[in-house]
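Read off the chains here:
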Amino acid sequence: MNEGPIRADRVITDGAAGLITRVEELAYELKIGEVMTSPAKTVTPDMRMSDVLALFRDAKVSGAPVMANGELVGIVSIADLIRALQENNTAAAVSEYMTMQVTTLEAGSPVIEALKLFTATRVGRLPVVDQAGHLVGIITKGDITRGVLRALEYDYQEEEVRKYRARHLFEDIVSDRTSLTLRYKIKQGDFAHGGNASSHIKRALVRLGASPQIARRCGIAIYEAEMNLIIHTTNGGAVRVEIEPHQIVMETIDDGPGIEDIDLAMTPGYSTAPDSVRELGFGAGMGLKNIQRCVDDMYLDSTVGRGTRLEMRIFLKPDEQLGDSSSPADRAGRNGGASQ
Amino acid sequence: MELKQIIQLVEGEVLTSGFDINRPVRGGCGADLMSDVLAYIGPGALLLTGLCSAQVVRTAQMADVAAIVFVRGKRPSLDTIALANQERIPLITSAHGMFELCGRLHQAGLHSLETPA
Ligand SMILES: Nc1ncnc2c1ncn2[C@@H]1O[C@H](COP(=O)(O)OP(=O)(O)O)[C@@H](O)[C@H]1O
Ligand SMILES: [Mg+2]
């Protein structure tokens, strides 16, 4: 469990640097048992310090728990070994040089507990025990660093794999016309979650290979529309996004109150939003205009008493198409074949 | 300009953790209306604002804002800070007002990323 595929030459890329906050989360998520070295190299109290020297050298460790009859009785470290060497006394028994008051950690505790102890005590390693107090391993700061890096690399690869899969979705599934539909329910007045759906949509588009510009235009448009459902409707509404390689169609639908004068609603600065909404930075009467600027086509349909439907379309140029990593020329050839 | 230089210039207190302090910031924008940000800000900008609802973080995410500075010592709720950590958007608070901060940053060479109406 402790010997993961960590390579010494691993460099932290910009992508991984963005995961630094994740390190803090991982300190709470990862268990000591997941990152410790197990089993630990141990020694007995009656071994000689010269044996310890040989062990440290051969096993490349800098400390070892001292065990007598299956019980943890102490810990011996490189500092103890140096003392024995200085005193020219490597023939002495481990029991003469070991530290007897040993703080232990439980395998089931989060890694943050180990970090706290390392900081508070300045020791370099601590024995790890199970719930019954039996030694199950040893942990150093190096073990924690390796464990966290391994977990980060895993996270990072997971996102890369997700992107890769999503990008090939449209290629992998064969149909005359493939599309992906995302649906979200939006509650009226739910400002706390306002923008969550838009955030998921933007992320999905990035995973599907949308350019930052396309993802941004879609994100801004759908966010204004999502906020309109929260602010202006009676019962909330629905967000629906249909993604195809060549276009993205986003839609919001609600069942009231409807818009009386659509031209007026589209006029920049016109807003029926209450002051409470203005305090949140919305209700400037610019949303629909913003949407219009971001998308290629916009249709707003509304009937008072029935509800409102807003459709927003973005057309993707050949070099912006989603879910396909092949060159535009390639794609033209294949599309030509499919349409015969 | 790098984010760390901005933090110094605004004498800011950083509210989120774990972001890259060397992150480049392309320019600045000051706004209290989220629709203004969504409409008139270029990607990669620093946003100065007096508003501190969760919507500021969502708006920043949609508009690809590089970092947010809350003016006049405003502080968002813990939920909003948690959201910013999750979406990896740095939050900074400064005791100074909007005019003062825009002036300092502009003078130090951070140009405007606001597009005129
Ligand atoms: N889904 C909707 N249902 C009812 N009215 C709406 C809806 N969307 C927009 N409106 C009306 O259109 C006006 C302008 O909308 P918008 O441009 O987004 O500005 P704002 O949301 O800031 O008021 C709103 O104030 C509201 O009266
Ligand atoms: Mg609106």
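Structure first, text after, so check above.
Here the structure is a predicted model, which is why all the values come from computation and not from measurement.

On to the interface of chain A and chain B, then. Between chain A and chain B, the contact holds 31 residues from the first and 25 residues from the second. In total, about 2,300 Å² of surface goes out of reach between chain A and chain B, with carbon and sulfur atoms giving 49% of it. The tally of links between chain A and chain B comes to three salt bridges. The residue D64 of chain B makes a salt bridge to R216 of chain A at a minimum N-O spacing of 3.6 Å. In this structure, the connection of chain A to chain B is made through 16 residue pairs in polar contact (both at pLDDT 80 or more). Ranked by residues supplied to the side of chain A that touches chain B, first place goes to helix α10 (residues 212-232) of chain A with seven residues.

This brings us to unusual backbone geometry. All names here are of chain A. Looking along the chain, the bond that leaves S38 and enters P39 is cis, with omega of -5 degrees. Here the bond from G256 into P257 is cis, since omega is 15 degrees, no more than 30 degrees from zero. With respect to the helices and strands, P257 occurs in the loop between β8 (247-254) and α11 (262-266). Notably, N69 is not glycine yet its phi reads approximately 50 degrees, a positive angle. Among the residues examined, N69 registers a relative accessible area of 81% and is labelled exposed.

Moving on to the sheet that holds strand β3 (residues 105-106) of chain A. All names here are of chain A. Reading across the sheet, the three strands line up as β3-β4-β5 and stay open at both edges, with mixed pairing between neighbours. The open sheet has two edge strands with one neighbour each: β3 and β5 (135-140). As judged from the five bridges shared by strand β4 (residues 125-129) and β5, these two strands associate in the antiparallel manner. Bridging from a neighbouring strand, V129 pairs with L135 of β5.

The next subject is the sheet that holds β8 of chain A. Residues and elements named next belong to chain A. Strand order in this open sheet of five strands is β6-β7-β8-β10-β9, and the pairing throughout is antiparallel. For this open sheet the edge positions go to β6 (180-186) and β9 (297-303), each flanked by a neighbour on one side alone. The average undirected angle you get between the axes of adjacent strands in this sheet is 10 degrees. As judged from the seven bridges shared by β9 and strand β10 (residues 307-315), these two strands associate in the antiparallel manner. When the bridges of β10 are listed, S302 appears paired with T308. In the packing of helix α9 (residues 196-207) onto the sheet, contacts are made with β6, β7 (237-244) and β8, and the angle to β6 comes to roughly 165 degrees.

Residue and element names in this part refer to chain A. Taken together, 16 residues form the shell around ligand 1, and within it H232, S271, T272, G285 and L288 come nearest. Measuring from an oxygen atom of ligand 1, one finds a backbone N or O atom of L288 at 2.8 Å. For ligand 1, whose accessible area on its own is 530 Å², the fraction buried by protein is 94%. Residues of the shell around ligand 1, tallied by class, amount to six nonpolar, nine polar and one charged.

What counts, and where the lines are drawn
- Residues numbered from 1 in each chain as written.
- Chains lettered and ligands numbered in written order.
- Predicted model: local features only at pLDDT ≥ 70, side-chain atom pairs only at ≥ 80, totals over all residues.
- Heavy atoms only, no water.
- Contact = heavy atoms within 4.5 Å.
- Buried area = accessible area lost by both parts, 1.4 Å probe.
- Salt bridge = Lys/Arg side-chain N within 4 Å of Asp/Glu carboxyl O.
- Polar contact = N/O pair within 3.5 Å; in protein donor to acceptor, adjacent residues only side chain to side chain.
- Helix = DSSP H or I, 4+ residues; strand = E, 2+ residues; numbered from the N terminus.
- Buried < 20%, exposed > 50% of the residue type's maximum accessible area, 1.4 Å probe, protein only.
- Pairing = 2+ DSSP bridges.
- Axes fitted to C-alpha atoms, helices over the stretch in contact; angles between N-to-C directions.
- Near = heavy atom within 4 Å.
- Areas by Shrake-Rupley, 256 points an atom, 1.4 Å probe, with all protein chains shown as cover.
- Nonpolar A, V, L, I, M, F, W, Y, C, P; charged D, E, K, R; others polar.

Scope: geometric values only; no functional claims are made or implied.
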